[in-house]
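Coordinates in review
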Amino acid sequence: MNTDRTLIVVPTYNERDNVPGLVAELLEVAPGADVCLLDDDSPDGTAEQAAGLFAGEARFSVLRRTGLARGYGRSLLDGYRRALEGGYARLVQLDADFSHDPARVPALIEASRGADVVIGSRYCEGGGVENWPLRRRALSRFANAYVCRITGLRVRDTTSGFRCYTRRALARLLERRVAGEGYAFLVEAAYRAHREGLTVSEVPITFTDRREGQSKMSRKVILESVLMPWRLRLARGKDEGGRVDERMKAEG
Ligand SMILES: Nc1nc2c(ncn2[C@@H]2O[C@H](COP(=O)(O)OP(=O)(O)O)[C@@H](O)[C@H]2O)c(=O)[nH]1
Ligand SMILES: [Mg+2]
């Protein structure tokens, strides 16, 4: 049993120039953690390269998603399953491109002792963004204000993909079948966690632009995240209806 162990998962798609350095750093900064790539059969050979480089490392593995629908959210859900099945106490997720500083992983793990969901946040006291083009900064700021306004969620950085979830939170998210992709997946997961009564806290991070390779942010991803807050808001009435019915059944 991995009673107090952490599984660090990194979704990857064409990240061969970032992964070797990132994995080495993660293994070093978090000695009590295992590292797992969630790779969507990257055409650039990200998975094969990493498997070769870290062949002798018992704390490293690759979950290869071949023949499945590719997706950031789908990959993470597979990672959550792996963490639960492996008996891990918690999971940390971060991007492969060094936008999320591996040196902050211990801070997220520490904070997870007091909260079910810990978000590495750019927009709380002490957090920030470096080297990101103005256009991406503005989009990110707008997206966060938009999500708060429509869903009522009081998290300052709902679109951050640098997070830590306790086992309990992972189990809830898997039961709830988070359906979104990309940023919408992140917003939906934060929202569902909050609605389920899980505690959400934020720790400051400094986000930097990707080191190597290219962003997979697309028009489709943006459109989905524009619609997601509305979907969550409109579904809320239904959720509450369901809950009341159950309570009435229990009482009657
Ligand atoms: N497994 C998997 N990972 C993905 C996919 N799309 C993006 N990623 C990874 O998700 C992380 C964030 O993607 P990125 O392209 O940096 O998006 P951006 O930060 O919004 O520009 C990176 O580690 C990507 O390699 C996908 O379809 N499948
Ligand atoms: Mg990125």
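Keep in mind that this is a model prediction, so the values were computed, not measured.

Reading guide: rules and limits
Residues numbered from 1 in each chain as written. Chains lettered and ligands numbered in written order. Predicted model: local features only at pLDDT ≥ 70, side-chain atom pairs only at ≥ 80, totals over all residues. Helix = DSSP H or I, 4+ residues; strand = E, 2+ residues; numbered from the N terminus. Expected span 1.5 Å × (residues − 1). Buried ≥ 20, exposed ≤ 12 C-beta atoms within 10 Å, placed from the backbone. Core = buried A, V, L, I, M, F, W, Y, C linked by C-beta atoms within 7 Å. Contact = placed C-beta atoms within 7 Å. Pairing = 2+ DSSP bridges. Axes fitted to C-alpha atoms, helices over the stretch in contact; angles between N-to-C directions. Near = placed C-beta within 6 Å. Nonpolar A, V, L, I, M, F, W, Y, C, P; charged D, E, K, R; others polar. pLDDT = per-residue confidence, 0-100.

1. Description of the environment of Glu57
- Position of Glu57 relative to the elements: it lies in the loop between α2 (46–53) and β3 (60–64).
- C-alpha of Glu57 to C-alpha of Gly152: the two residues are 95 residues apart in sequence and 44 Å apart in space.

2. A look at helix α5 (residues 134–151)
- In a regular helix each residue adds 1.5 Å, so 18 residues correspond to 26 Å; α5 covers 26 Å between its end C-alpha atoms and thus fits that length.
- Where α5 terminates, the next one or two residues include Gly152, which has phi positive at roughly 80°.

3. Some remarks on helix α7 (residues 182–195)
- Here α7 is 14 residues long and its end C-alpha atoms lie 20 Å apart, about the 20 Å a rise of 1.5 Å per residue gives.
- Counting buried residues in α7 gives 12 out of 14 residues, a clear majority hidden from the surface.
- For α7, every residue scored as buried is listed here: Gly182, Tyr183, Ala184, Phe185, Leu186, Val187, Glu188, Ala189, Ala190, Tyr191, Arg192 and Ala193.
- Trailing α7 by a residue or two, Gly197 shows a phi angle of about 85°, which is positive.

4. Thoughts on the nonpolar core
- Ile8, Leu91 and Ala190 are the most contacted members of the largest nonpolar core, which has 58 residues in total.
- Here the element with the most residues in this core is α7; it accounts for 9 residues.
- Apart from residues no more than four positions distant in its own chain, Leu91 is found in contact with Thr6, Leu7, Val9, Gly79, Tyr80, Ala83, Cys164, Tyr165 and Leu170.

5. Focus on the sheet that holds strand β1 (residues 6–12)
- Strand order in the open sheet formed by 7 strands is β3-β2-β1-β4-β7-β5-β8, and the pairing between neighbours is mixed. The open sheet has two edge strands, β3 and β8 (200–204), and neither has a second partner. The sheet shows a mean angle of 20° between the axes of neighbouring strands, taken without regard to direction.
- Here strand β4 (residues 90–93) pairs with strand β7 (residues 163–166) via 4 bridges, running antiparallel. Each residue of the ladder has a partner; that of Val92, found in β7, is Cys164.

6. Details of the site of ligand 1
- In the region of ligand 1, 19 residues are neighbours, and Pro11, Ser75, Ala96, Ser215 and Lys216 sit closest.
- The set of elements that each furnish at least two residues to the shell around ligand 1 consists of β1, β2 (33–39) and α3 (72–85).
- Tallied by class, the residues present in the shell around ligand 1 amount to 6 nonpolar, 5 polar and 8 charged.

7. Things to note about unusual backbone geometry
- Positioned with a positive phi, Phe98 is a non-glycine residue whose angle comes to about 70°.
- Among the structural elements, Phe98 can be located in the loop between β4 and α4 (105–111).
- Assessed through the 18 C-beta atoms surrounding it within 10 Å, Phe98 is described here as partly exposed.
- At Asn131, a residue that is not glycine, the phi angle is positive and equals roughly 55°.
- Topologically, Asn131 is positioned in the loop between β6 (128–130) and α5.

8. Here's the deal with the confidence of the model for the protein chain
- In this model, the protein chain carries an average pLDDT of 92, and 93% of its residues clear a pLDDT of 70 or more.
- A low-confidence stretch, residues 241–252 stays under pLDDT 50, and its non-local contacts, those more than four residues away or across chains, total 0 contacts.

9. A look at the pairing of β4
- Neither face of β4 is left uncovered, since the one carrying Arg90 and Val92 and the one carrying Leu91 and Gln93 both have all their residues buried.
- Where β1 lies against β4, 4 bridges are found, and the strand directions are parallel. The residue of β4 that forms the bridge with Val9 is Gln93.

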